[in-house]
Amino acid sequence: LGPRTGGRGPRALTRFLPQGDLKGTAEKTRSEQVAGTAVNIPGFSTSGDSERYTGNFDVSWEADLFGRFFAVRRAARGDTAAARFAYEGARASLAANVADAWFQARGLAIQLADARETLRIQTELQDVAEVRAKRGLGAAADADRVAGELAQAQGQAAALEAELQASKRTLLALVGDAARPTAALEAPASVVAIPPTPETTPSELLARRPDVREAQANVASAAGRSDLALLAFFPTFVLTPGLGWSKIVQPGFSSTTQTWTIGGNATQPVLSIPQLLFDLKAQNARTRQAAITYEKTVQTAFAETESTLLRLEADRRQVAALQAGEIRARRAYDAARIRYTRGLDSLEDALGAEQSWRATRSALTTAQVQGLRRAVQAYKALGGGWPAQALAADAKAKGPA
């Protein structure tokens, strides 16, 4: 809060409380006169043991007559809130990263399952092609072509398996369990449905975003510092009461005293006014900067939320269309494979139907994973998701996806 407050945050508020420490001392001195003329006073000697005990309790208390305490408290509360919201933002970001990595791993598991299914299909096609070539019903080149497709599918499956292991390792590192083997983490080869989006985005949802709340807290903190910089031109009054106790014991002499004091001091800036003016202008500039940052953060939050929800809804529609297309492409491939096995179609027709189905299947998996990752982005954009009641209402209104 600046040099006149002695610190930042709640600690700065302690300067308005009574300050002072209880101090005590104890001494013992041994004196021996080795030269000079002795003082011959009965009961008094310069040689012997001397003891001294003192205790003091001096207090200072700033009398806040102009409201400096409230300005410091406002700034301290803003600093504390900003730190808390920054922590919440870090936790939300970590949770989003974990969810994003989890959906990526499940998408890779689906792709790996598809690649293994392709291996099985290509193996069956190769067996059929070899049988047809032996019986003179097909060319030997067809078997070689299918063997090439099979080798390509084997390489793709190996690459996807390595990617899945790397994704699992990343996920384990994010959750703080990097030493755990990746085999212990099972990623199902399936994805959940993309959550429906609310029809509108109430402003109170954006008010939950940690970055917006942090920017708002920074504005409050900066405003408190501006008030404090203005109050620095006013005089400062400090009360200084105190208590004291002392005991002295010397050879042939002792005394005990008690003291109390009451006083105070006042400070009025005079020659330091130019410096205080400069500090005030600088703090006002920082306050305006905090306000501009808050405005920009709010605008960014609204823009991110609107664009993310629009893309999420588009992903839901895309997944619905690809699901219908994948079913029809699978039927077309099954029919083409049966016709090829019975000798009614050529190998090119069977492979073409399979490639069309696989392309649609791959696009569907990509869209599903992208939609779930977009839901994670919407979770972050809305500062922690949206109410479950809105999900149920929207899902009922829109019907099945």
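As the structure is a computational prediction, the values presented were derived from the model and not from experiment. (Residues numbered from 1 in each chain as written. Predicted model: local features only at pLDDT ≥ 70, side-chain atom pairs only at ≥ 80, totals over all residues. Heavy atoms only, no water.)

## Some words on the overall build of the protein chain
For clarity, the cut-off: Secondary structure elements are taken from DSSP: a helix is a run of H or I of four residues or more, a strand is a run of E of two residues or more, and numbering for both begins at the N terminus. Residue burial considers only the protein chains on display, and all accessible areas are found by Shrake-Rupley using a 1.4 Å probe.
Counting its secondary structure elements, the protein chain contains seven helices and six strands. Reading the protein chain from its N terminus to its C terminus gives the helix and strand order β-β-α-α-α-α-β-β-β-β-α-α-α. When the accessible surface of the protein chain is summed, it comes to about 23,300 Å², and 57% of that surface belongs to carbon and sulfur atoms.

## Points about the pattern of salt bridges
Worth spelling out the cut-off: Salt bridge criterion: a side-chain nitrogen from Lys or Arg within 4 Å of a carboxyl oxygen from Asp or Glu. Exposure classes here rest on a 1.4 Å probe applied to the protein chains alone. A residue is buried below 20% of its type maximum, exposed above 50%, and partly exposed in between.
In total, this model carries 14 salt bridges according to the counting rule given. Of the charged contacts in the structure, one is a salt bridge between Arg 361 and Asp 114, with a shortest N-O distance of 3.3 Å. Residue Arg 361 is located in helix 6 (residues 347-381), and its partner Asp 114 is located in helix 1 (residues 68-134); the two are separated by 247 residues in the primary sequence. On the accessibility criterion, Asp 114 (13% relative accessible area) is buried. With a closest N to O distance of 2.7 Å, Asp 211 and Arg 209 form a salt bridge. What makes Asp 211 partly exposed here is its relative accessible area of 31%. Linked by salt bridges that have partners in common, Arg 15, Glu 62 and Arg 68 make up one network.

## Some remarks on the packing of aromatic side chains
The way to describe two aromatic rings as a pair is by their centre distance and the angle between their planes. Our working rule: Any Phe, Tyr or Trp ring, taking Trp's six-membered ring, that has another such ring centre within 6.5 Å forms a pair; planes under 30 degrees apart are called stacked, those over 60 apart edge-to-face, and the others tilted. Whether a charge sits over a ring comes down to the Lys NZ or Arg CZ being within 6 Å of the ring centre and within 35 degrees of the ring normal.
Summed over the entire model, instances satisfying the criterion amount to four aromatic pairs. For the ring pair Tyr 333 and Trp 357, a centre distance of 5.5 Å and an interplane angle of 10 degrees mean the geometry is stacked. Here Tyr 333, found in helix 5 (residues 273-341), pairs with Trp 357, found in helix 6; they are 24 residues apart in sequence, far enough to count as distant. Per residue, the accessibility class of Tyr 333 equals that of Trp 357, and both read buried. What links up through ring pairs into an aromatic cluster is the set Phe 16, Phe 69 and Phe 70. Across the ring face of Phe 16, the terminal group of Arg 15 is positioned such that the distance to the ring centre comes to 4.5 Å.

## Describing the nonpolar core
The tendency in soluble globular proteins is for nonpolar side chains to be buried side by side. Filter applied, for reference: Among buried residues, those of type Ala, Val, Leu, Ile, Met, Phe, Trp, Tyr and Cys that are joined through side-chain atoms within 4.5 Å constitute a nonpolar core. Contacts are assigned to residue pairs with any non-hydrogen atoms lying within 4.5 Å of each other.
Counting residues in hydrophobic clusters, the biggest one holds 14 residues, and the most contacted among them are Ile 194, Leu 312 and Val 319. If you list the elements that add at least two residues to this core, you get helix 1, helix 5 and helix 6. It is helix 6 that provides the largest number of residues to this core, a total of six residues. Discounting chain neighbours no more than four positions away, the residues touching Ile 194 are Leu 312, Asp 315, Arg 316, Val 319, Ala 367, Gln 368, Gly 371 and Leu 372. Ala 129, Ala 329, Tyr 333 and Leu 351 belong to the second-largest nonpolar core, a separate cluster that totals 13 residues.

## Some points on the packing of helix 4 (residues 210-231) against helix 5
The description of two packed helices rests on the angle between their axes and on the distance between the axes. Here is the rule we go by: Angles here are taken between N-to-C directions and fall from 0 to 180 degrees, while the axes themselves are lines fitted to C-alpha atoms, restricted in helices to the stretch in contact. Oblique is the label for any angle not covered by the other classes, which are roughly parallel (under 35 degrees), roughly antiparallel (over 145) and roughly perpendicular (65 to 115). The hand of a helix crossing depends on one turn: near helix anticlockwise from the far one by less than a right angle means left-handed, and clockwise means right-handed.
Closest axis-to-axis distance for the helix 4/helix 5 pair is 9 Å, and the angle between their directions is 165 degrees. It follows from the interaxial angle that helix 4 and helix 5 lie roughly antiparallel. Along this stretch, helix 4 crosses helix 5, giving a crossing that reads as left-handed. For the pair helix 4 and helix 5, the contacting residues are Asp 211, Val 212, Ala 215, Gln 216, Asn 218, Val 219, Ala 222, Ala 223, Arg 225, Ser 226, Ala 229 and Leu 230 in the first and Leu 280, Gln 283, Asn 284, Arg 286, Thr 287, Ala 290, Ala 291, Tyr 294, Thr 297, Val 298 and Ala 301 in the second.

## A closer look at the layout of surface pockets
In plain terms, the rule: Only protein atoms enter the 1 Å grid used here, on which a cavity is any set of points holding a 1.4 Å probe that cannot leave and a pocket is any open set flanked by protein within 12 Å on both sides along at least five of seven lines; residues with an atom within 4 Å of a point are listed as lining. Grid points are joined across faces, edges and corners, and a volume is the space filled by probe spheres set on the points. Residues were grouped as follows: Ala, Val, Leu, Ile, Met, Phe, Trp, Tyr, Cys and Pro as nonpolar; Asp, Glu, Lys and Arg as charged; and all remaining residues, including Gly, as polar.
In this structure, the second largest pocket encloses a volume near 400 Å³. Lining the second largest pocket are 17 residues; nearest its centre among them are Ala 115, Thr 118, Gln 156, Glu 354 and Arg 358. Within the residue set of the lining of the second largest pocket, elements represented by two or more residues are helix 1, helix 2 (140-174) and helix 6. Take the lining of the second largest pocket: its biggest share by element is seven residues, from helix 6. Residues of the lining of the second largest pocket, tallied by class, amount to four nonpolar, eight polar and five charged.

## Some thoughts on the environment of Ser 255
One can find Ser 255 in strand 5 (residues 253-261). We classify Ser 255 as partly exposed; its relative accessible area is 27%. Between the alpha carbons of Ser 255 and Arg 52 there is a distance of 9.7 Å; along the sequence they are 203 residues apart. Non-local contacts of Ser 255, meaning those with residues more than four positions away in its chain, are made with Ser 246, Lys 247 and Ile 248.

## A word on the confidence of the model for the protein chain
Quick reminder of the rule: A residue's pLDDT is the confidence the predictor assigns to it, expressed on a 0 to 100 scale.
Of the residues in the protein chain, 85% have a pLDDT of 70 or more, and the chain-wide mean is 82. Long-range and interchain partners of residues 2-7, a stretch whose pLDDT sits below 50, account for 11 contacts in this model, where long-range means more than four residues apart.

## Thoughts on a nonpolar patch on the surface
In plain terms, the rule: Grouping into patches uses exposed residues only, defined as over 30% relative accessible area, and leaves out salt-bridged ones; the cut-off is 9 Å for like charges and 5 Å for nonpolar side chains (Val, Leu, Ile, Met, Phe, Trp, Tyr).
A cluster of nonpolar side chains, Leu 22, Phe 57, Leu 243, Trp 260 and Ile 262, forms an exposed patch at the surface whose accessible area comes to about 630 Å². Considering the arrangement of structural elements, one finds Phe 57 in strand 2 (residues 48-63).

## Considerations on the side chain of Asp 100
As a reminder of what qualifies: Polar contact is defined as a pair of N or O atoms within 3.5 Å, subject to the rule that within protein one atom must be able to donate a hydrogen and the other to accept it, and that residues adjacent in sequence are counted only when both atoms are side-chain atoms.
Topologically, Asp 100 is positioned in helix 1. Of the polar contacts made by the side chain of Asp 100, one reaches the side chain of Arg 373; its length is 2.6 Å. Apart from the residues within four sequence positions on either side, Asp 100 is in contact with Arg 373 and Val 376.

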